[in-house]
Amino acid sequence: MSAKNLDRKGRFRSKTIAFRVSSEENEQLNIAVALSGLTKQDYITNRLLSRDIVVQPNPRVYKALKNQLEMVYSELKRIDNGENTNSELLETINLIAVTLNGIKGGES
C-alpha cells in the first residue's frame, strides 16, 4: 500500500484528475516544472488555482537552468539571423529569464 499523499496543509489528496496534452505541450510543461523545482503535481495544482510559483533555489533548479540554457544556446546557433524561431523557444527563454530574476531577487 502506498503512502498517503498530503498537500501542504496536511489534507489527504484522494481525487484524481487526468487530461491529455500534445508532445509539444508536454515538453513545455516538463521544462516549466523542472525550472520551478516543484513536483509536476504541485506545479499544475498551483497554476490551475492561480497561485504564485515560488522557486526555491536548489541544485535541481540550477541543473535544470543549465540544461535549458544549453538547449537554448544550441537552438540560437542553429537559427540564422533570428529566422525560423518558434514560440516554444521564446517561451522557454522567457521562463528562464523569469526564473533567474526570481532567484536573483530571492537571494539579495
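Predicted model, so just to flag it, every value in this text is computed and none were measured.

### Side note on the overall build of the protein chain
Within the protein chain, the secondary structure is distributed over 4 helices and 0 strands. The order of helices and strands in the protein chain, counted from the N terminus, is α-α-α-α. The proportion of buried residues among the 108 residues of the protein chain is 21%. In the protein chain, once contacts between residues fewer than 6 apart in sequence are set aside, the share between residues at least 24 apart is 49%. With the model as given, the accessible surface of the protein chain reaches about 8,500 Å², and the carbon-plus-sulfur share is 52%.

### A word on the nonpolar core
In terms of nonpolar packing, the biggest core is built from 11 residues, these being Ile31, Leu35, Val55, Val61, Ala64, Leu65, Val72, Ile79, Leu89, Ile96 and Ile103. Among the elements of the structure, helix H1 (23-36), helix H3 (59-78) and helix H4 (87-107) are those that each provide at least two residues to this core. At 4 residues, the largest contribution of residues to this core is made by H3.

### Overview of unusual backbone geometry
Residue Ser50 is not a glycine yet carries a positive backbone phi of 55°. Positionally, Ser50 belongs in the loop between helix H2 (40-48) and H3. A residue is classified by how much of its surface remains accessible, and Ser50, at 67% relative accessible area, is exposed.

### A look at the packing of H1 against H3
A pair of packed helices is captured by two measures, namely the crossing angle of their axes and the spacing between those axes. Two elements in contact, H1 and H3, have axes separated by 7 Å at closest approach and are oriented at 135°. Considered as vectors, H1 and H3 are oriented oblique to each other. On H3, the residues that touch Ile31, Ala34, Leu35 and Ser36 of H1 are Val61, Ala64, Leu65 and Gln68. A class-by-class count of the residues in the contact of H1 with H3 yields 6 nonpolar, 2 polar and no charged.

### Considerations on the packing of H1 against H2
Between H1 and H2, whose axes approach to 9 Å, the crossing angle comes to 100°. By the angle between their axes, H1 is roughly perpendicular relative to H2. Residue-level contacts link Asn26, Leu29, Asn30, Ala32, Val33 and Ser36 of H1 to Lys40, Tyr43 and Ile44 of H2. Looking at the contact of H1 with H2 residue by residue, the class counts come to 5 nonpolar, 3 polar and 1 charged.

### With respect to H1
For H1, built from 14 residues, the straight-helix expectation of 20 Å at 1.5 Å per residue is met to within 8% by its first-to-last C-alpha distance of 20 Å. Buried residues of H1: Gln28, Ile31, Ala32, Val33, Leu35 and Ser36, and no others. Positive phi shows up at Gly37, right after H1, with a value of about 80°.

### What to know about the environment of Val61
With respect to the helices, strands and loops of the structure, Val61 is situated in helix H3. A C-alpha to C-alpha distance of 6.8 Å links Val61 and Ser36, two positions 25 residues apart in sequence. Dropping the residues within four chain positions of it, Val61 is found in contact with Ala34, Leu35, Ser36, Gly37, Val55, Gln56 and Ile103.

Conventions adopted
- Residues numbered from 1 in each chain as written.
- Predicted model: local features only at pLDDT ≥ 70, side-chain atom pairs only at ≥ 80, totals over all residues.
- Heavy atoms only, no water.
- Helix = DSSP H or I, 4+ residues; strand = E, 2+ residues; numbered from the N terminus.
- Buried < 20%, exposed > 50% of the residue type's maximum accessible area, 1.4 Å probe, protein only.
- Contact = heavy atoms within 4.5 Å.
- Areas by Shrake-Rupley, 256 points an atom, 1.4 Å probe, with all protein chains shown as cover.
- Core = buried A, V, L, I, M, F, W, Y, C linked by side-chain atoms within 4.5 Å.
- Axes fitted to C-alpha atoms, helices over the stretch in contact; angles between N-to-C directions.
- Parallel < 35°, antiparallel > 145°, perpendicular 65-115°, else oblique.
- Nonpolar A, V, L, I, M, F, W, Y, C, P; charged D, E, K, R; others polar.
- Expected span 1.5 Å × (residues − 1).

In short, shape yes, function no, at least from these values alone.
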